[in-house]
Amino acid sequence: MGCGKKDPDSLSEGSKSLPKVESPEIPPPGVTRGPRITLAEARTVAKELQAAVEANDAGMVLRLIDLDNLIRHGLPNHLNGTQQEKQIVASFRSKFDEAFVRNLNAGDYQFLRASETPDGAQSIMRVLPKGGGLNYHRLVLGRNTQNKPCVVDLFVYLSGEPLSHTFGRLITQSMPDKLSPDAKARQAAKQFQDMSVAVRSGNPAQALAIYDSMQPKWQQQKTIMQTRIMAANKVAASNAQKGQPNSDDYRKAVQDFQNAFPNAENMALVLIDFYFFNEDFKQARAAVDQLDKQVGGDPYLNLLRGNLALAQGKKQAAKDFFVQLTKDIPKNPASYFALINLAMVDKDFKEVTRLLISTEGNTAIRFEPDFNGADNFKEYVASPENEKWKAYKREKK
């Protein structure tokens, strides 16, 4: 797995240290301060986590991630040692399989590399969700009470913060301190929940309306602002598909986030889509390159570079990026699909045949002999090359 046949660490081992990102202030309770995590240990934990996710083995994932202490580390101090704390930990743990493991298993979760940091070795994982998109996890590693290396937190690039901080904020929002009940805080928590549900259920415009109705204090909250960006992005994408003009919501959402959190670690991820939608391809490419530097180098980002080149009419440059991606990550089908589309446009049906066979040979993708009558394959099906394709499929039966 990983980047072709190369060892994932060979892309940047030793000589490149990953940029320092926000980590928990102290190890979560129960995590020892034993010997620093070595590069070998960081690689082993990351590869075992990848294998556990691929096997959809939640039990193994929980042996590698100290989830209970991760959750406790993010909780407000007034919950420490309480029955409510136990209930919260149990609730998150019960949902972990579906909310985390299954979601990662449905997509693609790959170990990229391990690298030294001032706090010991850590690892980077690439996350490709099933529904599309891109994210990265930095595994913050420590030692459990048996002095074995484990994941004590995950820095999530899409949210720009450790997972424990996100948990803590969400819990604080939804469960205000009972010693000083705040009706406005409870209202804001309910609004945020409704906003999140609206985004997940495919009603981003409603999510934006809910945001607009919130108190200014809560509109500046990081998680809420990022949910607003997600909603505005979906509205912009929908308008673009329908050929409708874009509103100013997306620009305002991104601009407000930049003003409030100018040094946010996830800014590059936020800006890639934003600049692409606004056809500012130079800035979008700069954001991709910035992200590439942040994660220590990821060949998958050539897919984004290729799409940007294609949007600018630079067909050969796009093709070069896609071809390089087939070499670096031959098991990922995205680059093959892009090259097939380019060959279709050029009516290079011989190349289409070669790419179809290459796709099936290197990835888990399997095409139907007649492509289920798909419109974009009609010209190919009518060409002589289609006979070679059908012969290939007959041989594979």
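Computed from a predicted structure; not experimentally measured.

Some words on the nonpolar core
Working step 1: Of all hydrophobic cores here, the largest spans 71 residues; its most connected members are L134, Y136, L291, L304, L356 and Y380.
Working step 2: If one sorts the elements of this core by residue count, helix α11 (residues 267-277) sits on top with eight residues.
Working step 3: Excluding anything up to four places from it in sequence, Y136 contacts L112, I124, M125, R126, V127, F155, V156, Y157, L291, V295, D298 and L301.
Working step 4: Membership of the second largest hydrophobic core comes to 37 residues, among which are I65, L75, V127 and L163.

Focus on the environment of Y211
Working step 1: Its place among the elements puts Y211 in helix α7 (residues 204-212).
Working step 2: Between the C-alpha atoms of Y211 and M225, which are 14 residues apart in sequence, the distance is 8.6 Å.
Working step 3: In this structure, Y211 is in contact with M195, Q219, I224 and R228, ignoring residues within four places of it in sequence.
Working step 4: Among the polar contacts listed, one links the side chain of Y211 to the side chain of R228, at a separation of 3.4 Å.

Observations regarding the pairing of strand β4 (residues 149-156)
Working step 1: For β4, the buried fraction is high: seven of the eight residues fall into the buried class.
Working step 2: Direction of pairing for strand β3 (residues 135-143) relative to β4: antiparallel, over a ladder of seven bridges. Bridge pairing in β4 links L139 to L154.
Working step 3: Connecting the antiparallel pair β3 and β4 is a turn made up of five residues, with N147 showing a positive phi of about 70 degrees.

Overview of helix α13 (residues 301-311)
Working step 1: Most of α13 sits inside the fold, with eight of its 11 residues counted as buried.
Working step 2: Close packing links the buried residues of α13 with β3, α11, α12 (281-294), α14 (315-328) and α15 (334-345).
Working step 3: Directly after α13, the chain includes G313, whose backbone phi takes a positive value near 80 degrees.

Overview of the packing of helix α9 (residues 222-242) against α11
Working step 1: Taken N-terminus to C-terminus, the directions of α9 and α11 make an angle of 25 degrees; their axes are 11 Å apart at the nearest point. On the basis of their axis angle, the class for α9 and α11 is roughly parallel. Between α9 and α11 the crossing geometry is left-handed. Taking contact as the criterion, the partners of I229, N233, A236, A237 and A240 in α9 are, on α11, V270, D273 and F277.
Working step 2: Looking at the contact of α9 with α11 residue by residue, the classes come out as six nonpolar, one polar and one charged.

Points about the packing of helix α3 (residues 67-74) against helix α4 (residues 83-106)
Any two packed helices are characterised by how steeply their axes cross, that is the angle between the axes, and by the distance between the axes.
Working step 1: Their axes nearest at 10 Å, the elements α3 and α4 cross at an angle of 130 degrees. Taken as axis vectors, α3 and α4 run oblique relative to one another. Crossing geometry of α3 relative to α4 is assigned as right-handed. Contact residues: L67, D68, I71 and R72 in α3; E85, I88, V89, F92, R93 and F96 in α4.
Working step 2: For the contact of α3 with α4, the per-class residue count stands at six nonpolar, no polar and four charged.

Comments concerning unusual backbone geometry
Working step 1: Positive phi outside glycine occurs at N56, with the angle close to 55 degrees.
Working step 2: Take N56: it is sitting in the loop between α1 (39-54) and α2 (58-64).
Working step 3: For K347, which is not glycine, the phi dihedral falls at a positive 55 degrees.

Structural notes on the confidence of the model for the protein
Working step 1: The share of residues in the protein with pLDDT of 70 or more is 89%, and the mean pLDDT across the chain is 86.
Working step 2: The low-confidence segment residues 1-27 (pLDDT under 50) makes 68 contacts with residues lying over four places distant or belonging to another chain.

A closer look at the pairing of β3
Working step 1: In terms of burial, β3 is a largely internal element, nine of the nine residues being buried.
Working step 2: Both faces of β3 are covered, namely the face carrying N135, H137, L139, L141 and R143 and the face carrying Y136, R138, V140 and G142.
Working step 3: Pairing of strand β2 (residues 122-128) with β3 involves five bridges; the strand directions are antiparallel. Bridge pairing in β3 places M125 opposite H137.
Working step 4: With antiparallel pairing between neighbouring strands as the criterion, β2 and β3 make up a hairpin whose turn holds six residues, including G132 at a positive phi of roughly 105 degrees.

Calculation rules
- Residue numbers restart at each chain and count upward from 1, following the sequence in its written direction.
- pLDDT decides what is reported in this predicted model: residues at 70 or higher carry local features, side-chain atom pairs at 80 or more are listed and counted, and totals for whole chains, interfaces and linings draw on all residues regardless.
- Water and hydrogen atoms play no part in the side-chain values, which are based on all heavy atoms of the structure.
- The criterion is simple. A nonpolar core is a set of buried Ala, Val, Leu, Ile, Met, Phe, Trp, Tyr and Cys residues joined through side-chain atoms within 4.5 Å.
- Only protein chains enter the calculation, and the probe is 1.4 Å; a residue is then buried if its accessible area is under 20% of its type maximum, exposed if over 50%, and partly exposed in between.
- Segments assigned H or I by DSSP are reported as helices when at least four residues long, segments assigned E as strands when at least two residues long, and all are numbered from the N terminus.
- The contact criterion used is simple: two residues touch if any of their non-hydrogen atoms lie within 4.5 Å.
- Counting of polar contacts relies on pairs of N or O atoms within 3.5 Å, with two restrictions inside protein: one atom must be capable of donating a hydrogen and the other of accepting it, and residues adjacent in sequence are counted only when both atoms are side-chain atoms.
- Pairing between two strands requires that DSSP report at least two bridges joining them.
- Simply put, an axis is a line fit to the C-alpha atoms, just over the touching stretch for a helix, and the angle between two N-to-C directions goes from 0 to 180 degrees.
- The cut-offs work like this: below 35 degrees is roughly parallel, past 145 is roughly antiparallel, 65 to 115 is roughly perpendicular, and the gaps in between are oblique.
- A crossing counts as left-handed when the near helix is turned anticlockwise from the far one by less than a right angle, and as right-handed when that turn is clockwise.
- Classes in brief: Ala, Val, Leu, Ile, Met, Phe, Trp, Tyr, Cys and Pro nonpolar; Asp, Glu, Lys and Arg charged; the others, Gly included, polar.
- Per residue, pLDDT measures the predictor's confidence, with a range of 0 to 100.

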